[in-house]
Amino acid sequence: MPVEPIRRTSHDREVSQTAEAVYGSQVAHYQARAAQRLAGNDVWLWPRIEKIRRRSRARALDVGCGIGTNSFYLAKHGYSVTGVDISHQMISAARTVAATHIGLDNQPQFICVDFCDWCPDDPEFDLVVATAFVHLFPAPLDRAVADGILSHVAPHGTAIMSTTVETAHSQGLRHKNDSEHPAPGRPLSDERWRNHYTRETFRNLIEHSVMNHPGTWAFDEHVTADPGRPQQFWSDIVVTRTA
Ligand SMILES: C[S@@+](CC[C@H](N)C(=O)[O-])C[C@H]1O[C@@H](n2cnc3c(N)ncnc32)[C@H](O)[C@@H]1O
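As the structure is a prediction and not an experimental result, all values here were calculated from the model. (Residues numbered from 1 in each chain as written. Predicted model: local features only at pLDDT ≥ 70, side-chain atom pairs only at ≥ 80, totals over all residues. Heavy atoms only, no water.)

## Quick look at the site of the ligand
Then, number 1: In the vicinity of the ligand, 20 residues are found, and the nearest of them are R37, G64, D85, F115 and T131.
Then, number 2: Between D85 and the ligand, the recorded distance is 2.6 Å, taken from a side-chain N or O atom to an oxygen atom.
Then, number 3: Contacts to the ligand include F115, whose backbone N or O atom sits 2.9 Å from a nitrogen atom.
Then, number 4: In terms of residues, the shell around the ligand owes the most to one element, helix α1 (residues 10-24), which gives three residues. (Near = heavy atom within 4 Å. Polar contact = N/O pair within 3.5 Å; in protein donor to acceptor, adjacent residues only side chain to side chain. Helix = DSSP H or I, 4+ residues; strand = E, 2+ residues; numbered from the N terminus.)

## Describing the packing of helix α6 (residues 141-150) against helix α7 (residues 199-212)
Then, number 1: It is at 9 Å that the axes of α6 and α7 come closest, and there the two elements cross at 55°. As the angle between them shows, α6 and α7 are arranged oblique. Crossing hand, α6 versus α7: right-handed. For the pair α6 and α7, the contacting residues are D142, R143, A146, D147 and L150 in the first and N204, L205, I206, H208, S209, V210 and N212 in the second.
Then, number 2: Of the residues belonging to the contact of α6 with α7, the class tally is five nonpolar, four polar and three charged. (Axes fitted to C-alpha atoms, helices over the stretch in contact; angles between N-to-C directions. Parallel < 35°, antiparallel > 145°, perpendicular 65-115°, else oblique. Left-handed = near helix turned anticlockwise from the far one by under 90°. Contact = heavy atoms within 4.5 Å. Nonpolar A, V, L, I, M, F, W, Y, C, P; charged D, E, K, R; others polar.)

## Considering helix α3 (residues 34-49)
Then, number 1: Its axis deflected by about 50° at N41, α3 carries its strongest bend there.
Then, number 2: Of the positions making up α3, those classed as buried are A34, N41, W44, L45, R48 and I49. (Bend = angle between axes of the 7 residues up to and from the residue. Buried < 20%, exposed > 50% of the residue type's maximum accessible area, 1.4 Å probe, protein only.)

## Comments concerning the side chain of R8
Then, number 1: Along the chain, R8 turns up in the segment before α1.
Then, number 2: In terms of polar contacts, R8 uses its side chain to reach the side chain of S16, at 3.4 Å.
Then, number 3: Polar side-chain contacts of R8 include one of 3.2 Å to the side chain of D117.
Then, number 4: Contact partners of R8, with chain neighbours within four places excluded, come to R13, S16, D114, C116, D117 and L141.

Shown next as structure tokens:
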């Protein structure tokens, strides 16, 4: 099935431009924690995907891939990976890592694109991963983005969407590291839009998207404590297109 661009208002487009600017300046932050996240992937990501029936040369899509941490992890596990991100700086950093990843014969392909406008010729993937991504889009666009993610899932394929979840739902412009108060005079370049979902609102969002899609889907939710932030939890929602 072909995919179509996600319809957006001009405000929605501005929000994505803000995200591009914010994440363009976050490369060093993501690089600094990449090793920790890669090690963490063995704990959370692999158990989520090892049960997935794998085809030879299974295709994986990493949406909002950043510097490609999940992309490289999946490539090492044999997936043929495409990573997409709106930030030139993030994609450039991912490509630099790819150039030095000696021994990986199936390097991820990294594409700098706004996911909402991305309509590849071969749009379906066996595994679609979107970690810390859907929350970046103001409601109701977040629903459309979750729909867009599911529209890339091949028959019998799986999508994993992850975000932090909190005790109260809110959305708005926030500092990237909202636990830290900005120092006086600190530039506002790290402000970005985000949804602070509760476990229920995030689950409802994905359930709604699943109902919008044809076929039968299995739904699995994993909630774990966020080790760095006592008030927050991570929710990983795994949906598999069983028919
Ligand atoms: C919070 S980071 C998560 C990065 C990575 N998934 C991870 O878990 O480390 C969100 C990423 O989404 C990207 N992004 C934001 N809006 C986007 C859009 N409209 N299309 C593609 N990428 C986008 C940002 O540039 C950023 O790299």
